[in-house]
Protein chains: 4
Amino acid sequence: MDFGSDNAYGVLPQVMDALAHANRGAVRAYGGDPLTQGLTQSFSTLFGRAVAVHPVFTGTAANALALATVTPPHGAVICHARSHIMESECGAPEFYAHGAKLIGLEGPEEGPLAGKLTAAAIGAAIDALPRGFVHSVQPFAVSLSQPTELGTVYSLQELSQIAQAAHARGLKLHLDGARFANALAHLQASAAAATWQAGVDILSFGASKGGTMGAEAVVYFDPALAGDFEYRRKKGGHLASKMRFVSAQLEAYVEDGLWLQAAGRANGLALLMAEGLSRVNSITLPVPVQTNMVFARMPADLAARLRGAGAYFYDWRKETDGGVLARLATSFATPEEDVARFVALAAGKA
Amino acid sequence: MDFGSDNAYGVLPQVMDALAHANRGAVRAYGGDPLTQGLTQSFSTLFGRAVAVHPVFTGTAANALALATVTPPHGAVICHARSHIMESECGAPEFYAHGAKLIGLEGPEEGPLAGKLTAAAIGAAIDALPRGFVHSVQPFAVSLSQPTELGTVYSLQELSQIAQAAHARGLKLHLDGARFANALAHLQASAAAATWQAGVDILSFGASKGGTMGAEAVVYFDPALAGDFEYRRKKGGHLASKMRFVSAQLEAYVEDGLWLQAAGRANGLALLMAEGLSRVNSITLPVPVQTNMVFARMPADLAARLRGAGAYFYDWRKETDGGVLARLATSFATPEEDVARFVALAAGKA
Amino acid sequence: MDFGSDNAYGVLPQVMDALAHANRGAVRAYGGDPLTQGLTQSFSTLFGRAVAVHPVFTGTAANALALATVTPPHGAVICHARSHIMESECGAPEFYAHGAKLIGLEGPEEGPLAGKLTAAAIGAAIDALPRGFVHSVQPFAVSLSQPTELGTVYSLQELSQIAQAAHARGLKLHLDGARFANALAHLQASAAAATWQAGVDILSFGASKGGTMGAEAVVYFDPALAGDFEYRRKKGGHLASKMRFVSAQLEAYVEDGLWLQAAGRANGLALLMAEGLSRVNSITLPVPVQTNMVFARMPADLAARLRGAGAYFYDWRKETDGGVLARLATSFATPEEDVARFVALAAGKA
Amino acid sequence: MDFGSDNAYGVLPQVMDALAHANRGAVRAYGGDPLTQGLTQSFSTLFGRAVAVHPVFTGTAANALALATVTPPHGAVICHARSHIMESECGAPEFYAHGAKLIGLEGPEEGPLAGKLTAAAIGAAIDALPRGFVHSVQPFAVSLSQPTELGTVYSLQELSQIAQAAHARGLKLHLDGARFANALAHLQASAAAATWQAGVDILSFGASKGGTMGAEAVVYFDPALAGDFEYRRKKGGHLASKMRFVSAQLEAYVEDGLWLQAAGRANGLALLMAEGLSRVNSITLPVPVQTNMVFARMPADLAARLRGAGAYFYDWRKETDGGVLARLATSFATPEEDVARFVALAAGKA
C-alpha cells in the first residue's frame, strides 16, 4: 500500500516497450535522431499548433530552464508560496535564472480554492512591484502548478483570467505540469484548450510521474519564446547524449491517449479512496479531490495504525489538534485492492 | 558504418534487462530505493575502498558538479585546452562553479603524448598563479580526461606524477572518465590502481558511452570531499525522481565485468581498424590507438568517397594540406563487419 | 525642505577634511595603505573586540557580500518581508549567494513592533524548513535591519533573543546597519553591547547615510567567519584601488564619536518633527519615532499642499482611505528650520 | 620613488575641489542629481555623439558590467591571454556574465606588437568556435585593453581592423580603457576618432588611475546597447547612493581637457625615464614606451639596489637569465625629481 508518491511506481509497459524498440541501430546523438526529430510533429498535433518541444530528464530542470528563458537576473516570477518551484526544488529556478526572485503568494489551504491563486491576487502582486524602479526586481512571469500541489485543478476560466492578468502587465504564463495529464483528465478538455487557448505561454510537460522513466518536456506555444533554451539546457548538463530514449518515452506516453488513460485511472482510484474515507467518521477531506491526490485529516493514532498495517504515505502537515493531514497519492499502477484495503483499514473493517 | 560517436549505438542488452527487472513494485523515490542504496556497496567493492557514489544522467552534469564541489567561485581548474570540459560543455563547469575559471593548457596533438598534459606543465601552470593574491583566481583542482579526447591513456605513472604535482600544491585531482572503461581495458589495471591508488580524488564515472542509456556517476574516493554535492545536484535539476532506473543501469554495467568486456570489444575494433588503415598508403595515424578512437589523416577526396559509401564520422580537424583528420569511434555494439568494410573501402578494395 | 532620503545631503565636514588629508603622497593601492591597515585597530577598539573589517562602497554590496560568505547556494536567509535586502536591492543577495533564497516574514506595520520580527516567528520559520532534506533550501542566516525600515530599533533583549533563536538552530545573525548609528544613538548602548554581546555575528556597518560619501564596512565579530570575503569582494568588483579614501571616510566617521553625534542630531530632528506633527489633528503617527524617520499618515490634499510648498518626501504607502503614509527622513545636515517650517505648514500656520 | 602603480598617488586637486563643491545642499540620491544628469551631455560632447554613460566605482565593475550586457551565459569574450579582465579581476567578468567564458589569445611580449592582438588572430579565434553548435560557447564580444597591459597603444588603423573583424562576425567591440587618457594622449586623436569612429561599441572609461578618487564610467556609443545595464549595476551593488560625488569626479576629470593634460604629464615622465634608462648598459627596454609605463629588463642585483635606495616597483616577470623585467609606472602626480633620481641611481650616478 504505497501512497507516498506518484514516483513510487515504475513505468508503463508501453513505455518500456518503446525503450526496447528504440534500442536498435545507430543514430545521431544529442537529439539528431529520428525519434527526437519527430517529437515536434507529435506535440504540435497533440496541442493543435506548431510548438517547440524540448525534452529533459527532470521536472525541476524543465521548470528552471523554462523560467530562465523568460526571466532575466533582475526579474521576478509570481507563484504560489507553497508551490513546488518555491519549496521543493532547492532554489533551482533562482540558480538557472542567475539570482532572479520567486515571489510566493499565500492562498487558501482548504476548500475549492485550495492550492490556487486568483487572477486578482496575481494582478495585485505584480502591481505592487514598482515598475522600472531599479531597486526592485521586475516581474516577468507567472508560474502556476496545474494541478496544484494540493491536487486541485484550475478551470479553463480561471486559467484564462490569470493569463489575462499576466499578459495585460507584460508577463508570460508558465504552467508547472508535473501532473498535467491528471489535470487534463479532470478537465475533460483538449490539450489546446487547457494551454495556449487559455493563454498559457510555456508548459513544463510532466511525464515521469505519469508513467515514464525520466522524461519531461518544455513546450513553448510560441517557438520564438524558447530563445536560447538549447544553450541553457546544454550549459545546465541536461542535453541527453542518447536522447532517442528520452524521446521514445515521451512519444509512447502520448501515443493513442495513453497518458490520459493512465492519469484517468490514477484519478479514479483517488476518487474511490476519497469516497471510502469520507464515510469514516474520524476522517475529513478538506480539499476537493480532483486528480490523483487525497488529503485526509485524521487522528494521529489512526495514521499510526494505518502505517502499522503497511500503508506508506506522507504527513503533509501536523495539525494543531494533534492530528495529521495525510497526503495519499495514487498512480497509474497503484493496485485497486490497495485502495480498497486502505479504506477498509481506515474504517476499522480490516 | 557509423563511427561518428560512441553515443550512436543504444544500450547493452544486460542494461535493458536490468531496466525491465527494476520496473517492479513500488519503491522510495529520489534515491531511497534499494538499487540506489546498494550502489555504494557495489562501487566500494569495485574500487576496493569505501567511496561515495552519486548517479546523474549526463557526463556534463557529472563533471560540472564534481568540479563545483571542490572549486569555489574564485577558484580555477587546470585542464587541457582541448578537453571536453573546456570545449564541449558550453561552459557548464563555469556555470556550476558560479564563475570559476578553467585554465586550459596546450599540449601535443600527435605522438605518444597527444591529448595529454604532463606533471611538469601542470605544476608550472599552478605556480604561475599568484597564490593568496586577491586579484587572481586561485587554483583548486586539476581535471584530466582519461582516456583523453584523442583516445590516449595516461599511464599509472603519469597519473601518479600529476596527482603528486596537484596534491603538493593543495589541489584535488579529478578525472573526466566519460570513457573510463576504455582506459581501464587498455591499462589492464584494477579500478583501484587506476584511480585512488594513483592519487585520483574524484572520478566522473562514465557509462552512457559504454552502453547504458543515460547514467553516469560521480565517485568520491574520500566521501568527505562530496561536501554539499547532493544539494548541488538537486539545485541543478539532476536528482532523478525514479532513480532506481539510473542505478539499475550502473549496477548492470559494472556487474561481472560487463563494462570492461564491452570496452575491450570497442578497443579491439579500433585496433583492428587502425591496423587495416595503417596499410593504406594515403592514410596516416598520427595518434597511437589505445582505446576506441582512431584518428586517421586522409585526403579530402578519400574522406568524401568513404562518406559516399555510407560511412559516418567526424572531421576532427581540417589539415592545412587540404586533407582531414578523421575521428573514427567504435563502440560495444559496432558491427565487426562495418570495420572490415570501412578498411576495405579505404584500401580501395570494396 | 528635503526629507526624501538620508542620502539627500552630502558629507560631514570632518569627512571631507579627512579626504583632503588622505590625498597626500604615494601609498600602496588596494588596501595596502596605512589608513586601511589601521581600520582593524580602530574598529576593534570601537567594538571592544578583535574584529575583521572590510570596506566597500555601498550598503547593497556590504549586505550581499556579508550574506554570501555565510550562505551557500543551497542556503536560505530569514529576513523581514519588507526589508531592504528583500525589496530594495534588486536581488543582489541572491546574485552574490549564487541563487540562495531570502525567506521574508511578515510582521506588524504599526505600533511598537512595526518593522520588526520576533524570536518566536524567526524560530518557527527556521523550523518550518525540513533540515537535511535535499529538496529544500537550508537555513544559514538570519538578517535583521537595525534600525528597521520603519525606523524602529530592536532592544538589546530582542536582539539577544533572536540571536539565541538563530544560534540554537545553527544560523548566523547578520545586521543590516545602514543606519546603525541612529539605532545606537537611540539605544544609548555601547557598540559592543548592541552587536556581538547581543549575539550579532556580522554587521553591515553603514556610514553613507550617516555622513560619508560612499563608504560602508562589513564587520565580522569572529574574523574566521569572513572566510573568502576578500575574493568575493574582488570578484564582485568592490575592491577599491585607492582604498585609502574609503578608509579615511570610515576613520573620520567614527573618530571621537562623530558618527553618534551626527546620528543623534538626525534622531533629535525626527523627534522634533514627530512632536510637532502629533499636534496636527489630521495627522497620525502609527509608528514610534526612535531614529531619524517619521511615518505620518495624512490626507492626500495635505500631502499635496506640503509638496506644493516645497517639501520633498516619499509616500511609503497609499492608504485605503485615500490618504498617504508619508516617510520623512532627517539627516545629520537637515536644517532645523526646515523641520520647523514643515511642522508649521502641516499645522496650517505657515 | 613610487613607480608601483598609477593608483599609488591620490587625486587631482581639481577633482578634490569638485568634491567639495558638490558637497552642498540636498539632491536626489541614486543618480537623480543634476551632476549625474549632466554627465550624458558632457560625455556626448566629449565623444561627439549621443552616448549613454553610467558611472561606477571601479574598473573591474565597469568591465564586468559592460561585458555582461552584451554576452549571455553561453557566450564568450575574445581577449588577450594576459589582459586585466583575464588575469587581474578574479573572474569578475565570468561572475557578472553568469559563467560565460573568456578566451585568451597569446601575443608577443616584446616589440611593437607587445601586449596587442591582431585582427587576423581575433578573426581566426572567432572562426575556430563552431557557430550554432550547442556544445560550444558562442562568441559575442571582443575586448581589448587600450592602452594594453604593456603600455602599448593600438593605432586607429589597428582598432578599426579589429572592429571590422569583430563586426563582420556579429561581435561587439569593448575597450578596457583603465588608462584611456594615456592612450589618447599618445594617439593625439579625438575621443571620437579613438572610439566609435574606429568601431568601438563600448568603453570602460577609466578615471581612477588618471587622477580621480574612485570613479569610472561605462560608455555605450549606441545607447540601445546598454540594455539592462542599470538593473545589473544595482544587482551588483554598484549603484552609488550619493552618486553626485562620483559624477563630480568624472565631470572635473574631463573638464577643460584636464584628463589629457594629466595623462600627458604621466606619459612624458615615462618617456623621460625611458630615455634615461636606455642609456644604462645593463638595462634594455623590450617594449616601446607609448604611455605611462616603462618595462625595463635589468639584472636582479640592480633591481635590488634600486629598491634598497627607496624605489618601489613591480617585477612584471622573472627572466630566465636571472634578471627581472621591472614595470615602472608614472602618474599625473609622480614628482619629476623621482624620475631623475631613479635614472641616476640606475646609471650608478646617485
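All values reported here derive from a predicted model rather than from experimental measurement. (Residues numbered from 1 in each chain as written. Chains lettered and ligands numbered in written order. Predicted model: local features only at pLDDT ≥ 70, side-chain atom pairs only at ≥ 80, totals over all residues.)

Some words on the sheet that holds strand E10 (residues 324-329) of chain A
All names here are of chain A. If you trace the three strands from one edge of the open sheet to the other, you get E8-E10-E9, paired in antiparallel fashion. Two strands in the sheet have a free side with no partner beyond their single neighbour: strand E8 (293-298) and strand E9 (314-318). The mean inter-strand angle of the sheet, taken between neighbouring strand axes irrespective of direction, is 25 degrees. Examined bridge by bridge, E8 and E10 share six bridges and lie antiparallel to one another. Opposite Ala296, over in E10, you have Ala326 as the bridge partner. Along the sheet face, helix H11 (residues 258-278) touches E8 and E10 and points at about 20 degrees away from the line of E8. (Pairing = 2+ DSSP bridges. Helix = DSSP H or I, 4+ residues; strand = E, 2+ residues; numbered from the N terminus. Axes fitted to C-alpha atoms, helices over the stretch in contact; angles between N-to-C directions. Contact = placed C-beta atoms within 7 Å.)

Some words on the environment of Ile162 of chain D
Residues and elements named next belong to chain D. Positionally, Ile162 belongs in helix H7 (residues 156-168). A tally of 26 C-beta atoms within 10 Å means that Ile162 is categorised as buried. Considered as a pair, Ile162 and Asn292 are 130 residues apart in the sequence and their alpha carbons are 24 Å apart. With residues near it in sequence (within four places) discarded, Ile162 still touches Ala119, Ile122, Val142, Leu144 and Leu173. (Buried ≥ 20, exposed ≤ 12 C-beta atoms within 10 Å, placed from the backbone.)

Details of the confidence of the model for chain A
Do not read the predicted coordinates in detail wherever pLDDT is low. Mean pLDDT over chain A works out to 97, with 100% of the residues at or above the 70 mark. Two numbers describe this predicted complex: its pTM, 0.97, and its ipTM, 0.96. (pLDDT = per-residue confidence, 0-100.)

Some points on the relation of the copies chain A and chain B
It takes a turn of 180 degrees to lay chain A on chain B, together with a shift of 0.0 Å along the axis; the resulting RMSD is 0.0 Å. Taken together, the turn and the small shift mark the pair as related by a two-fold rotation axis. For chain A, the smallest separation between a C-alpha atom and the rotation axis is recorded for Gly236 of chain A, amounting to 3.5 Å. The overlap is high: 100% of the interface residues of chain A also sit at the interface in chain B, so the same surface is used on both sides. (Least-squares fit on C-alpha atoms with pLDDT ≥ 70 in both.)

Focus on the interface of chain A and chain B
Taken residue by residue, the interface counts 39 residues in chain A and 39 residues in chain B. Only helix H1 (13-22), helix H3 (59-70), helix H5 (92-96) and helix H9 (229-235) of chain A provide two or more residues apiece to the side of chain A that touches chain B. By residue number, the principal contributor to the side of chain A that touches chain B is H1 of chain A, which donates four residues.

Describing the nonpolar core
Val219 of chain A, Val219 of chain B, Val219 of chain C together with Val219 of chain D are the most contacted members of the largest nonpolar core, which totals 534 residues. Those residues in contact with Val219 of chain C that sit more than four places away from it in its chain are Phe43, Val51, Val53, Ile202, Leu203 and Phe205 of chain C. (Core = buried A, V, L, I, M, F, W, Y, C linked by C-beta atoms within 7 Å.)

Re the relation of the copies chain D and chain B
The transform that puts chain D on chain B rotates by 180 degrees and translates by 0.0 Å along the axis, for an RMSD of 0.0 Å. Of the residues that chain D buries at the interface, 100% are likewise interface residues in chain B, meaning the two copies contact each other through the same surface.

Looking at the pairing of strand E4 (residues 138-145) of chain B
Residues and elements named next belong to chain B. Buried residues dominate E4, accounting for eight of its eight residues. In this sheet, E4 lies alongside strand E2 (residues 75-80) in parallel orientation, the contact comprising four bridges. Paired with Ile78 across the strands is Val142, a residue of E4. The pairing of E4 with strand E5 (residues 172-177) spans five bridges and is parallel. What sits directly across from Ser145, in E5, is Asp176.

What to know about the domain arrangement of chain A
Residues and elements named next belong to chain A. For chain A, the assigned domains are domain 1 (15-256) and domain 2 (259-346). Relative placement of domain 1 and domain 2: their C-alpha centres are 27 Å apart. Counting residues at the interface gives 19 residues for domain 1 and 17 residues for domain 2. In terms of residues, the side of domain 1 that touches domain 2 owes the most to one element, helix H8 (residues 180-187), which gives six residues. Residue classes in the side of domain 1 that touches domain 2 are distributed as eleven nonpolar, six polar and two charged. (Domains from an automatic or database assignment. Nonpolar A, V, L, I, M, F, W, Y, C, P; charged D, E, K, R; others polar.)

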